[in-house]
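Here is what each chain is made of, one letter per residue.
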Amino acid sequence: MKIRNRIAFAAALALSSLALAAPPKVVPGPGENPACFKPWTPQTKHFQWPAKKGPYRIALANGFVGNTWRIQMIKMAKAYAATPEMKEQLKEFKIVSTGTDVAAQIAAIDNFINSGYDAIVTIAVNPTAFAPVIKRANAAGVVLVPFDNVLDSEEVMMVNEDQLAMGEQSGQWLVKNIPSKTGKLLEVRGLPGNSVDRDRHLGFRKVVEAAGNKFEVVEVVGNWDDGTAQKVVADAVAVHKNFDGMFVQGGSTGAVRALIDAKHKMIPVAGESENGFRKLCAARAKDGLLCLSLGQSPGLVAISMKAAVAALQGKVMPQLISVPIPTAMHPDIKPGVDYFPDLTDNFFTTNQFPACGVNLKAEEIMSKDEKNN
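A few points on the structure. Here the residue numbering is sequential within each chain, running from 1 through the sequence in written order. Reporting of local features is limited, given that this is a predicted model, to residues whose pLDDT is at least 70; pairs of side-chain atoms are given and counted only at 80 or more, and all residues count toward the totals for whole chains, interfaces and linings. Just so you know, side-chain values use all the structure's heavy atoms and leave hydrogens and water out.

### Observations concerning the packing of aromatic side chains
Working definition: an aromatic ring pair is given by the centre-to-centre distance plus the angle between the planes. Only Phe, Tyr and Trp rings are paired, with Trp represented by its six-membered ring, and only when their centres lie within 6.5 Å; those with planes under 30 degrees apart are stacked, over 60 edge-to-face, the remainder tilted. One pass over the structure, following the stated rule, counts 4 aromatic pairs. With a centroid separation of 4.9 Å and 70° between ring planes, the pair formed by Phe112 and Tyr117 is classed as edge-to-face. When the ring centre of Tyr117 is taken as origin, the NZ or CZ atom of Arg57, which lies over that ring, is 4.1 Å away. Whether a charge sits over a ring depends on NZ of Lys or CZ of Arg being within 6 Å of the ring centre and within 35 degrees of the ring normal.

### Here's the deal with the packing of helix 4 (residues 102–114) against helix 5 (residues 131–139)
Relative to each other, helix 4 and helix 5 sit at 10°, their axes nearing to 10 Å. Viewed along their axes, helix 4 and helix 5 adopt a mutual orientation that is roughly parallel. The residues of helix 5 that touch helix 4, namely those facing Ile106, Ile109, Asp110 and Ile113, are Val133, Arg136 and Ala137. A breakdown of the residues in the contact of helix 4 with helix 5 according to their chemical character gives 5 nonpolar, no polar and 2 charged. Axis definition: a line fitted to C-alpha atoms, limited for helices to the stretch in contact. Angles are taken between N-to-C directions and run from 0 to 180 degrees. Numbering of helices and strands runs from the N terminus, with a helix taken as a DSSP run of H or I at least four residues long and a strand as a DSSP run of E at least two residues long. An angle counts as roughly parallel when it lies under 35 degrees, as roughly antiparallel when it exceeds 145, as roughly perpendicular when it falls between 65 and 115, and as oblique in every other case. Should any heavy atoms of two residues lie within 4.5 Å, those residues are considered in contact. Each residue gets one of three labels, nonpolar for Ala, Val, Leu, Ile, Met, Phe, Trp, Tyr, Cys and Pro, charged for Asp, Glu, Lys and Arg, and polar for the others, Gly among them.

### Some details on the layout of surface pockets
Quantified by volume, the second largest pocket comes out at close to 250 Å³. Lining the second largest pocket are 17 residues; nearest its centre among them are Val150, Leu151, Asp152, Met158 and Leu320. Of all the secondary structure elements, the ones that give two or more residues to the lining of the second largest pocket are strand 8 (158–160), helix 6 (163–177) and helix 7 (195–208). If one sorts the elements of the lining of the second largest pocket by residue count, helix 7 sits on top with 3 residues. Using protein atoms alone on a 1 Å grid, points that fit a 1.4 Å probe yet trap it form a cavity, whereas open point sets bounded by protein on both sides within 12 Å along at least five of seven lines form a pocket; residues with an atom within 4 Å of a point count as lining. Grid points are joined across faces, edges and corners, and a volume is the space filled by probe spheres set on the points.

All we've got here are geometric facts, nothing functional implied.
Right under this line is the structure:
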């Protein structure tokens with residue numbers, strides 16, 4: 001009899017949980033804290049989930065972890081989870097990195113959904129393969145928040161900087177700094193298959209291939225990694241001898257070092273926000289190295305975690321949240337502001353978002369590790 005009662009109670013509890021689970025509703029804006037959670041456009045729709053009482057179980061389902069940006073992102077997630085603001089909201093914070101296997105990442109997300117997690121933040125391996133798992137998350141009332149490498153979907157709340165605009169800005173800056181509008185450009189792409197790589201590439205090519213420009217573009221794959229970028233740039237220089245400008249999605253420090261090692265002339269370089277890249281830009285400006293440094297911040301993970309908690313609290317949230325693109329460029333790249341002479345070259349410099357209350361210091365971030373937990 002007692003066993004039957006326990007089974008009946010468990011079944012009732014499961015039914016109760018299913019009754020509480022509900023997908024987000026599309027509701028009118030404005031949304032919560034627009035200074036932090038800015039809608040992508042005035043036409044961006046807004047979501048609202050049923051409010052849940054905290055503290056919450058939240059997971060980070062990362063994919064690729066083979067470069068310094070991803071490592072710092074994981075460290076920042078752990079550092080932000082330890083802040084007083086976030087710590088009181090978390091019952092559990094779990095991190096899993098699954099590599100570049102799409103099926104493995106989807107399986108990890110499914111496992112978190114089935115294990116009763118309240119929210120999952122993720123950098124998706126592929127922008128088009130996640131429609132079924134989005135439906136499963138929404139049906140279970142789980143707040144799924146892709147960031148950085150976002151999905152081709154309007155059924156999920158996402159956080160990102162405008163990657164197409166980042167590629168366009170890089171192209172526009174290079175064209176401006178090559179007045180002849182002709183010559184050979186080296187494009188160092190990111191990790192194949194990601195929406196970030198795709199969108200930056202499309203934005204860049206849209207500008208440099210526009211009417212009136214006569215550039216030849218040589219394309220290599222640097223995987224957003226310093227070591228890989230350094231090797232492929234060195235190989236490209238060995239084959240093509242001279243370039244007039246370079247666009248690097250990530251691995252900018254290694255890409256510039258390859259130019260230096262090859263005794264290539266210093267040229268305009270549009271790159272990422274790595275501390276080492278900005279150090280080289282400042283040190284080599286006198287030699288002709290002109291730099292644009294646009295930051296895709298690892299701090300996107302903190303804004304995504306904050307957005308997930310707000311959604312779980314029943315706040316109205318934009319479906320697509322726009323984060324500003326932090327920028328530094330020649331000749332205004334200043335020590336202690338835009339780069340940090342005493343910090344490692346691998347440190348990404350753009351991590352503070354005052355409007356969101358995300359103000360982590362470098363030592364807080366770098367004291368953490370990148371391991372699954």
